[in-house]
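Reading the structure
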Amino acid sequence: MESVTYTLRLRTTLFTLPYRKADYKRYLAEVTDGAEKVGAKAKAQEFYETALTIIRQIEFYTHSALYLGMALNYSVFVYEILGEQNRAMVIAKVPILLL
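Attention here is on the structure that accompanies the text. Everything quoted here is computed from the prediction, not taken from an experiment.

**What about the packing of aromatic side chains?**
For any pair of aromatic rings, the description consists of the separation of the ring centres together with the inter-plane angle of the planes. In this structure the tally under the stated criterion is four aromatic pairs. A centroid spacing of 5.6 Å and a plane angle of 40° characterise the contact between Tyr48 and Phe77, whose relative ring orientation is tilted. Residue Tyr48 is found in helix H2 (residues 35–55), and its partner Phe77 is found in helix H3 (residues 65–81); the two are separated by 29 residues along the sequence. Each ring, one from Tyr74 and one from Phe77, has its centre 6.4 Å from the other, and the planes form 20°; the classification is stacked.

**Quick notes on the nonpolar core**
In this structure, Phe15, Tyr48, Met70, Tyr74 and Phe77 are the most contacted members of the largest nonpolar core, which totals 23 residues. Elements with a contribution of two residues or more to this core: helix H1 (2–31), H2, H3 and helix H4 (85–98). Apart from the residues lying within four places of it in its own chain, the contact partners of Tyr74 are Gln45, Tyr48, Glu49, Leu52, Arg87 and Ile91.

**Some words on a nonpolar patch on the surface**
Where nonpolar side chains cluster on the molecular surface, the patch consists of Leu68, Leu72 and Ile96 and spans about 250 Å² of accessible area. Turning to its location among the elements, Ile96 is positioned in helix H4. Classification of Ile96 as exposed rests on a relative accessible area of 54%.

**Points about the pattern of salt bridges**
This model, assessed by the stated rule, comprises four salt bridges. Between Lys43 and Glu46 there is a salt bridge, with its nearest N and O atoms 3.5 Å apart. One end of the pair, Lys43, and the other, Glu46, are both in helix H2, three residues apart, so they sit about a helical turn from each other. Its relative accessible area of 40% is what places Glu46 among the partly exposed residues. In this structure, Glu49 and Arg87 form a salt bridge, with 3.9 Å as the shortest nitrogen-oxygen distance. In this pair, Glu49 sits in helix H2 while Arg87 sits in helix H4, placing the two residues 38 residues apart along the sequence. Assessed through its relative accessible area of 32%, Glu49 is described here as partly exposed. Look at Arg87 and you get partly exposed, because its relative accessible area is 30%. By sharing partners, the salt bridges in this structure join Glu49, Glu84 and Arg87 into a single network.

Procedures and definitions
- Residues numbered from 1 in each chain as written.
- Predicted model: local features only at pLDDT ≥ 70, side-chain atom pairs only at ≥ 80, totals over all residues.
- Heavy atoms only, no water.
- Phe/Tyr/Trp six-rings, centres within 6.5 Å; stacked < 30°, edge-to-face > 60°.
- Helix = DSSP H or I, 4+ residues; strand = E, 2+ residues; numbered from the N terminus.
- Core = buried A, V, L, I, M, F, W, Y, C linked by side-chain atoms within 4.5 Å.
- Buried < 20%, exposed > 50% of the residue type's maximum accessible area, 1.4 Å probe, protein only.
- Contact = heavy atoms within 4.5 Å.
- Patch = residues over 30% accessible without salt bridge, like charges linked within 9 Å, V, L, I, M, F, W, Y side chains within 5 Å.
- Areas by Shrake-Rupley, 256 points an atom, 1.4 Å probe, with all protein chains shown as cover.
- Salt bridge = Lys/Arg side-chain N within 4 Å of Asp/Glu carboxyl O.

Here you go:
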């Protein structure tokens, strides 16, 4: 049982870092422009995708508050920064549909 708990904690920790980096880059993209904004957008997208890949490996991830928060933040990024409203709505709805 300890190894399962350790694995869960490790994966949650591994998920948290790219998730936080993605949020930071999203905020940076909101307040910058030019090449810096383009770079921040690309990095935020990369970090959100990495975080999604990691958390999907965690059993019962669909019931995780971290997953829900990250999915909603990611959908805001896609909606406001990338301007892809339809994709953002799909990203926001998926966690709710999986419950």
